[in-house]
Amino acid sequence: MKTSGIEITVVVNGEPVQTKIDVNDPISKIVEEVLEKTGNTGQPAKDWEIRDASGNIVDLDKTAVALDLKPGATLYLSLKAGIGGS
Amino acid sequence: MSDTQFTDVSVSRKKFNREIREFRRMSDQYLLRGWLLAHVKFPIVRVIFATSKTNPVMILCGVSFDYTNYDAVPPSVRLVHPITGIPYKSSEMPTFLPRFVQKSDANVEPIELEEQRLMQHRGGDDVPFLCLAGVREYHEHPAHSGDSWELHRPLGAGRLVRLIQIISKYGLDTVNGYTVNMIPQLQLNFVPQPE
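Residues numbered from 1 in each chain as written. Chains lettered and ligands numbered in written order. Predicted model: local features only at pLDDT ≥ 70, side-chain atom pairs only at ≥ 80, totals over all residues. Heavy atoms only, no water.

A. Expanded view of the overall build of chain B. Of the regular secondary structure elements, chain B holds 5 helices and 8 strands. Going from the N terminus to the C terminus, chain B shows its helices and strands as α-α-β-β-β-β-β-β-β-β-α-α-α. Here the C-alpha atoms of chain B give a radius of gyration of 21 Å, more than 25% beyond the 16 Å that 2.2 N^0.38 yields for 195 residues. With respect to the three principal axes, the spread of C-alpha positions in chain B is 85 × 50 × 35 Å. With 195 residues in all, chain B has 45% of them scored as buried. Expressed as a percentage of contacts within chain B between residues at least 6 apart in sequence, the contacts between residues at least 24 apart total 53%. (Helix = DSSP H or I, 4+ residues; strand = E, 2+ residues; numbered from the N terminus. Rg over C-alpha atoms; globule rule 2.2 N^0.38 Å. Buried < 20%, exposed > 50% of the residue type's maximum accessible area, 1.4 Å probe, protein only. Contact = heavy atoms within 4.5 Å.)

Printed below as a string of structure tokens:
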């Protein structure tokens, strides 16, 4: 049971998912947990990018505390562009 | 609705409605990013991109997503006139969504980057498409025959917000201001002479 948890929303490819996180965990761990929770395990976490509400990329090594994430905050997790273009 | 619908239309419509519902659920947040849901009529949805970082705010473009036969096939994505919804031809494109990727011989120092355009067209002045896994034209192209849609569908590669996020990253988010070009002109003033 997490002792320093807050509830946030992670929007995975547009689908909002409520999740409880430990504020001392790195964002990378939160990403992995959310991907597992939503069944998005076909691509590794490095193929996803997570942004804050302003659209800024979030540093995966930082913790929720370091990012000053408050309860009810929203992060946006999307599959990267990957191969494409020319 | 397109007359080429071959998937059970109720399935496509249900999945389409889910995309719209999820966008609308977070629409207040997306508005702050400059993403506006302008037109929704199954199977087409048009999103307008507005430059929230500039003053005054400017509309960069519209993007049309065609979810015909979704998700048996991925959506078709085009940049369009934001008001009329008419797809931009190559010569009219406000941006080709450029990104910079490492050249193939990445082990050579210094690492060189090359520009890669995500909006591609086949030639002439035809209508470009978003060349990306998760987009119909990408998977239909013979050059990508080994990268089938079925590999990407479970990952949500064709989801509306995911595609909007990518277009925004390489298009809208790269706009940070205006440039005004002033071209000086020299003009002779003729004063009529009295008779």
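B. Structural context of the interface of chain B and chain A. Tallying the contact residues gives 27 residues for chain B and 25 residues for chain A. Linking chain B to chain A there are 2 salt bridges. Here E49 of chain A makes a salt bridge to K169 of chain B, at a shortest N to O gap of 2.9 Å. Linking chain B with chain A are 6 residue pairs in polar contact (both at pLDDT 80 or more), by the criterion used here. Looking at the side of chain B that touches chain A, the elements that each hand over two or more residues are α1 (9-25), α2 (27-33), β6 (113-117) and α5 (160-170) of chain B. With 6 residues, α5 of chain B is the single largest residue contributor to the side of chain B that touches chain A. The residue makeup of the side of chain B that touches chain A, split by class, is 13 nonpolar, 5 polar and 9 charged. (Salt bridge = Lys/Arg side-chain N within 4 Å of Asp/Glu carboxyl O. Polar contact = N/O pair within 3.5 Å; in protein donor to acceptor, adjacent residues only side chain to side chain. Nonpolar A, V, L, I, M, F, W, Y, C, P; charged D, E, K, R; others polar.)

C. Structural view of the sheet that holds strand β1 (residues 35-41) of chain B. Residue and element names in this part refer to chain B. Reading across from one edge, β1-β2-β3-β4 is the order of the 4 strands in this open sheet, with antiparallel pairing throughout. The outermost strands of the open sheet, each flanked by one partner alone, are β1 and β4 (76-80). On average, adjacent strands in this sheet sit at an angle of 20° to one another, irrespective of strand direction. Relative to strand β2 (residues 44-50), β1 is paired through 6 bridges, and the arrangement is antiparallel. Within the sheet, the bridge partner assigned to V40 lies in β2 and is V45. Against the sheet, α1 touches β1 and β2, its axis set at about 150° to β1. (Pairing = 2+ DSSP bridges. Axes fitted to C-alpha atoms, helices over the stretch in contact; angles between N-to-C directions.)

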